[in-house]
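# Close look at the chain arrangement
Now for the letters of each chain:
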Amino acid sequence: MKALLILLLLAQLCSASLVPEREKDPEYWRRQAQETLRNALRLQRLNQNVAKNLILFLGDGMGVSTVTAARILKGQLHGQGEESLLEMDKFPFVALAKTYNTNAQVPDSAGTATAYLCGVKANEGTLGVSAGVTRDRCNTTKGQEVTSILRWAKEAGKAVGIVTTTRVTHATPSAAYAHSANRDWYSDGEMPPDALEGGCKDIARQLVENIPDIEVILGGGRKYMYPRNVSDVEYPHEEKQRGTRLDGRNLVQAWREAKPRGKVAEYVWHRRGLLALNLTRVDFLLGESLHPRVPWHQLGALGGPLSCPGLLGQLQWPVTLQGMVVACPGHAGGRIDHGHHEGKAKQALHEAVELDRAIGLATRLTSTQDTLSVVTADHSHVFTFGGYTPRGNPIFGLAPMQSDVDRKPFTSILYGNGPGYKIVAGERENVSAVDFAHADYQAQSAVPLRQETHGGEDVAVFARGPMAHLLHGVHEQNYIPHAMAYAACIGSNRGHCNAGARPATPLLLPFLGLLLLLLLC
């Protein structure tokens, strides 16, 4: 304990020396502010081009506190710190989105996905339907379906893709194509008898049937595509990974059979299969992997599932963008949410940094003249960091003080609730006795819960490209797809578009090089 106190005192005494020399000069800050002012003035010349391409990056659970902490982590990983910039920080237009569901002050991922993909707010737990639908009530669904920006783009002749590190049937991506009274109806094996008798379809079936010509689908959750008890191709001995379908259908086969004659449809479940494809000869791609028990630090391992940081250095495909709309509900976004729910801030923040890498690659490989990119989150978490930490303090480190109540140290990162609540001998756990820098460390929380909860505050919306200025100020979350659709001249509001503004363009498969680099890396 004495050694810990000495370290805390040293941190306080040394904090002054952490100030970069240039920042001691007032002129540094004045020059920086003037440069920022000049950049802001340039934005007065608005980019009112028609967006040929739309890219939506969705960091699941990436609230503002997560963005800030990820920025610091990214800086510290590169020998910098608080002054560093995320790629999304460089987007010129920023807004706030109100995330509440129609029946929930603090939202879930299904109601929010319906908002930012379909443009309509909905009840928690429901997907691609209006607020007239009650969760679990199949008989309230008919006539209440709402369509997404993915379908609007398809109807405009554009190529579309969904890429996620969660299940493709997870709430976050599935609002792009599904209409369901319950986000958990992944296959018919998860549906109650009354829903099946009422004619409601499971989400995996809707993935194959509702919009059968989605060009790119990449994610996880393949067991929902196969009949019950069919062994998994990658984990044949794991009962938990066997197929779940009661109707006996092989939806991967159904997906292939639904494609037009003469078109090439490829299914992959492993990185090796993906790399072996000649993408110039592929018209449709379905990839399902990401076994849920793969340890976080192994997700990018060579030869592993469809998540591979190594692709950045290994693959350089030519990039041609032709009217591609990509709904990307989290490159690493799903795992940001998972990390926070488990109270494992280190995992959540590293995933946020990985998402930012993908955003940076997209920025380098696209043009602001024809591509509107939007980065946002569905909701926040009860995650925070504080404690008057000095400049340069490790983001996963201790605050430079003890509690003045229980006289114990505490980490800068804490949760409002969650599994990190621990009482040892009738008192709060002494974090100096545990490895709080470990990837599996669960940060302390104020209230004990098995799973940490979402937060209810607004989330940031970053925008870059044609009509990005439409995303400004404070908006309802359902405004986002309407602004994006307006920029691309798709959907119902096209009165401002001229006859040649929205040509129907085919998917050029070299673009898959960009897609895979962005969202599997």
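See the structure printed just above.
So, here's what we can say about the structure. (Residues numbered from 1 in each chain as written. Predicted model: local features only at pLDDT ≥ 70, side-chain atom pairs only at ≥ 80, totals over all residues. Heavy atoms only, no water.)

## Re the overall build of the protein chain
A count of helical and extended segments in the protein chain gives 15 helices and 19 strands. The buried share of the protein chain, taken over its 521 residues, is 54%. Excluding contacts between residues fewer than 6 apart, the proportion of contacts in the protein chain whose partners are at least 24 apart in sequence is 72%. Summed over all atoms, the accessible surface of the protein chain reaches about 22200 Å², with 53% contributed by carbon and sulfur. (Helix = DSSP H or I, 4+ residues; strand = E, 2+ residues; numbered from the N terminus. Buried < 20%, exposed > 50% of the residue type's maximum accessible area, 1.4 Å probe, protein only. Contact = heavy atoms within 4.5 Å. Areas by Shrake-Rupley, 256 points an atom, 1.4 Å probe, with all protein chains shown as cover.)

## Quick word on helix α3 (residues 64-77)
For α3, with 14 residues, the first-to-last C-alpha span of 20 Å sits near the 20 Å given by 1.5 Å per residue. Regarding α3, the residues found buried are S65, T66, V67, A69, A70, I72, L73, K74 and G75. (Expected span 1.5 Å × (residues − 1).)

## Observations regarding the state of the cysteines
Considering all chains together, one arrives at 2 disulfides under this definition. With a sulfur-sulfur separation of 2.0 Å, C138 is cross-linked through a disulfide to C200. On the sign convention where negative means left-handed, the S-S torsion of about 105° between C138 and C200 marks this disulfide as right-handed. Separated by 62 residues along the polypeptide, C138 in the loop between α4 (109-118) and α5 (149-155) and C200 in the loop between α7 (193-197) and α8 (203-209) bring together distant segments of the chain. With its sulfur 2.0 Å from that of its partner, C489 forms a disulfide with C497. Handedness here is read from the sign of the S-S torsion; for C489 and C497, about -100°, the answer is left-handed. Taken as a pair, C489 and C497 share a single burial class, namely buried. What links to what in the protein chain: the bonded cysteines, counted in sequence order, pair as 1-2, 3-4. (Disulfide = S-S within 2.5 Å.)

## Structural notes on the pairing of strand β13 (residues 413-418)
Relative to β13, strand β10 (residues 383-385) is paired through 3 bridges, and the arrangement is antiparallel. Bridge assignment links F385 to a residue of β13, and that residue is I413. (Pairing = 2+ DSSP bridges.)

## Quick word on the packing of α3 against helix α13 (residues 345-365)
Here α3 crosses α13 at 80°, and the two axes come no closer than 9 Å. Taken together, the axes of α3 and α13 are roughly perpendicular relative to one another. Each of T66, A69, A70, L73, K74 and L77 in α3 lies in contact with α13, whose residues at this interface are L349, H350, A352, V353 and D356. Here the contact of α3 with α13 is composed, by residue class, of 7 nonpolar, 2 polar and 2 charged. (Axes fitted to C-alpha atoms, helices over the stretch in contact; angles between N-to-C directions. Parallel < 35°, antiparallel > 145°, perpendicular 65-115°, else oblique. Nonpolar A, V, L, I, M, F, W, Y, C, P; charged D, E, K, R; others polar.)

## Looking at the sheet that holds β10
Taken in spatial order, the 3 strands line up as β10-β13-β16 in an open sheet, and their pairing is mixed. Lying at the two open borders of the sheet, with one neighbouring strand each, are β10 and β16 (445-448). Strand-to-strand, the axes of this sheet are offset by a mean angle of 20°, without reference to chain direction.

## With respect to the packing of aromatic side chains
If you walk through the whole model with that rule in mind, you get 3 aromatic pairs. Ring centres of Y186 and Y224 lie 5.0 Å apart, and the angle between their planes is 40°; this geometry places the pair in the tilted category. Here Y186 is found in the loop between α6 (171-174) and α7, whereas its partner Y224 is found in the loop between β4 (216-220) and α9 (251-257), with 38 residues between them in sequence. The class of Y186 is buried, set by a relative accessible area of 11%. For Y224, a relative accessible area of 8% corresponds to the buried category. Against the face of Y100 rests K121, its NZ or CZ located 3.5 Å from the ring centre. Directly above the aromatic system of F284 lies the positively charged group of K259, at a separation of 5.4 Å from the ring centroid. (Phe/Tyr/Trp six-rings, centres within 6.5 Å; stacked < 30°, edge-to-face > 60°. Lys NZ or Arg CZ within 6 Å of the ring centre and 35° of its normal.)

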